[in-house]
Amino acid sequence: MSRVLFRRSTAALAVAALALTGCATRQPSNAPAPPPAADFPVEVSVPGGSTGLKLEKRPERIISLNPSSTEVLYAVGAGKQVVAVDDQSTFPAEAPKTTLSGFKPNLEAIANHKPDLVVASNDIDNLVSGLGQLKIQVLLVPPAKTLDDAFAQAEVVGKATGHAADGTALAKRMRADIDKIVNDTRKPARALNYFHELDNSLYSVSSKTFIGNVYSRFGLTNIADEADKSGSGYPQLSAEYLIKANPDLIFLADTKCCGQNPQSVGARPGWQSVNAVKNGGVIALDDDIASRWGPRVVDLVRTVSSAVSAAAAK
């Protein structure tokens, strides 16, 4: 899900082919390559998304309609199969960005790219059935709610694109990296609380969201939880509520969209008394990384770890 949806409602890994060595097994240079779709047909399912989607052959013309899936596709080695990505996909740089929208999908524009697989996060405007009528399959990969969801989705995308082993390896690597970062983080003497800012109108996230799940790995207390009366996961706080809650850490996910930074937060009326402001605990995040559930969530975890360790040292 993009930053826009959150507010209101690593470089691509290349996969090298192993050359056969040894005189007895060497193939002539003009020998045809083995078919890349040896593991097909495959059937994949995603909790909350596609169920029992059967792919008869490896997709060679993939469209991604959400940034997280774009990053996963490249990370599992399917980048060369991607022919178009949506207008919110900014990473990796070589991804073929277009004007396609995952929020307002245009079936005709999608079909013009002649995809054999479309990866999307939501079935907006009956995207799945609409493309189905055009004989285009859709892999629906919903926004991850937990880190475990993100790991599982990496495996599914790998399997669906003919890179099952790479998807499994990516999931294992992400899990291992995150576990190590969390375990190596300096533990504070007392429990720390935090505020995650989605925009400067003080929309935030609760612990039930994906980003909230990331913070929970560090034992942090989310000041927005009590304010989420509707259970949406994205409450809007008041300045008075936040100042009274007095968070030890403030994470800004609105540095690009709203120009927020530690200095601008410190200049807000009454915020000078907040622990995070007084003790240098206001952390500017990369907006994109903080709103996605792809491989770069490891970078987000590393940033949170540094902030927690710094606060624990004071």
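This text follows the structure it describes.
Residues numbered from 1 in each chain as written. Predicted model: local features only at pLDDT ≥ 70, side-chain atom pairs only at ≥ 80, totals over all residues. Heavy atoms only, no water.

Enquirer: Help me understand the overall build of the protein in this model?
Expert: Counting its secondary structure elements, the protein contains eleven helices and ten strands. Of the roughly 14900 Å² of accessible surface on the protein, a fraction of 53% belongs to carbon and sulfur atoms. (Helix = DSSP H or I, 4+ residues; strand = E, 2+ residues; numbered from the N terminus. Areas by Shrake-Rupley, 256 points an atom, 1.4 Å probe, with all protein chains shown as cover.)

Enquirer: Just to check I follow, could you spell out the sheet that holds strand β9 (residues 249-252) for this structure?
Expert: The pairing of strands in a sheet happens through backbone hydrogen bonds and is either parallel or antiparallel. In space, the four strands of this open sheet follow the order β8-β7-β9-β10, with parallel pairing throughout. For this open sheet the edge positions go to β8 (221-222) and β10 (282-284), each flanked by a neighbour on one side alone. In terms of strand pairing, β9 meets β10 through three bridges, oriented parallel. Across the sheet, residue Phe251 finds its bridge partner in β10, namely Ile283. Against the sheet, helix α11 (residues 297-312) engages β9 and β10, with an angle of about 155° to β9. (Pairing = 2+ DSSP bridges. Contact = heavy atoms within 4.5 Å. Axes fitted to C-alpha atoms, helices over the stretch in contact; angles between N-to-C directions.)

Enquirer: Would you explain the packing of helix α6 (residues 164-184) against α11 in this entry?
Expert: Relative orientation and spacing of two packed helices are given, respectively, by the angle between their axes and the distance between those axes. For the pair α6 and α11, interaxial distance at closest approach is 10 Å and the crossing angle is 0°. Classified by the angle between their axes, α6 and α11 sit roughly parallel to one another. Mapping the contact onto sequence places Met174, Asp177, Ile178, Ile181 and Val182 in α6 and Val297, Val298, Val301, Arg302 and Ser305 in α11. Taken together, the residues of the contact of α6 with α11 sort by class into seven nonpolar, one polar and two charged. (Parallel < 35°, antiparallel > 145°, perpendicular 65-115°, else oblique. Nonpolar A, V, L, I, M, F, W, Y, C, P; charged D, E, K, R; others polar.)

Enquirer: Quick question: what am I supposed to make of the side chain of Asp86 here?
Expert: Following the sequence through the fold, Asp86 ends up in the loop between β4 (82-85) and α3 (107-111). Buried within the structure, Asp86 lacks any salt-bridge partner; its nearest side chain of opposite charge belongs to Arg292, at an N-O separation of 7.5 Å. Among the polar contacts listed, one links the side chain of Asp86 to the side chain of Ser89, at a separation of 2.5 Å. Not counting the four nearest positions on each side in its chain, Asp86 is found in contact with Ser64, Leu65, Asn66, Pro67, Thr70, Lys97, Thr98, Leu100 and Gly102. (Buried < 20%, exposed > 50% of the residue type's maximum accessible area, 1.4 Å probe, protein only. Lys, Arg positive; Asp, Glu negative; His and termini not counted. Salt bridge = Lys/Arg side-chain N within 4 Å of Asp/Glu carboxyl O. Polar contact = N/O pair within 3.5 Å; in protein donor to acceptor, adjacent residues only side chain to side chain.)

Enquirer: What am I meant to see in unusual backbone geometry here?
Expert: It is generally the case that most residues other than glycine have a negative phi and that most peptide bonds are trans. With an omega of 5°, the peptide bond running from Phe40 to Pro41 counts as cis. Relative to the helices and strands, Pro41 resides in the loop between α1 (3-7) and β1 (42-44). Phe91 connects to Pro92 through a cis peptide bond whose omega is 0°. As for its placement among the helices and strands, Pro92 is situated in the loop between β4 and α3. For Asp125, which is not glycine, the phi torsion reads 55° and is therefore positive. Checked against the element boundaries, Asp125 lands in the loop between β5 (117-120) and α4 (127-132).

Enquirer: So what exactly am I meant to see when it comes to the side chain of Thr70 here?
Expert: Among the secondary structure elements, Thr70 is positioned in helix α2 (residues 67-75). A relative accessible area of 0% places Thr70 in the buried class.

Enquirer: Mind showing me how you'd approach α2 here?
Expert: Count 3.6 residues to each turn of an α-helix, and residues three or four apart come out pointing the same way. By the criterion of burial, α2 is predominantly enclosed, with nine of the nine residues buried. Within the span of α2, buried status applies to Pro67, Ser68, Ser69, Thr70, Glu71, Val72, Leu73, Tyr74 and Ala75. Tucked inside the fold, the buried residues of α2 contact β3 (62-64), β4, β5, α5 (147-160) and α6. Taking the backbone nitrogen of Ser68 as reference, a side-chain oxygen 3.1 Å away marks Asn66 as the first, capping residue of α2.

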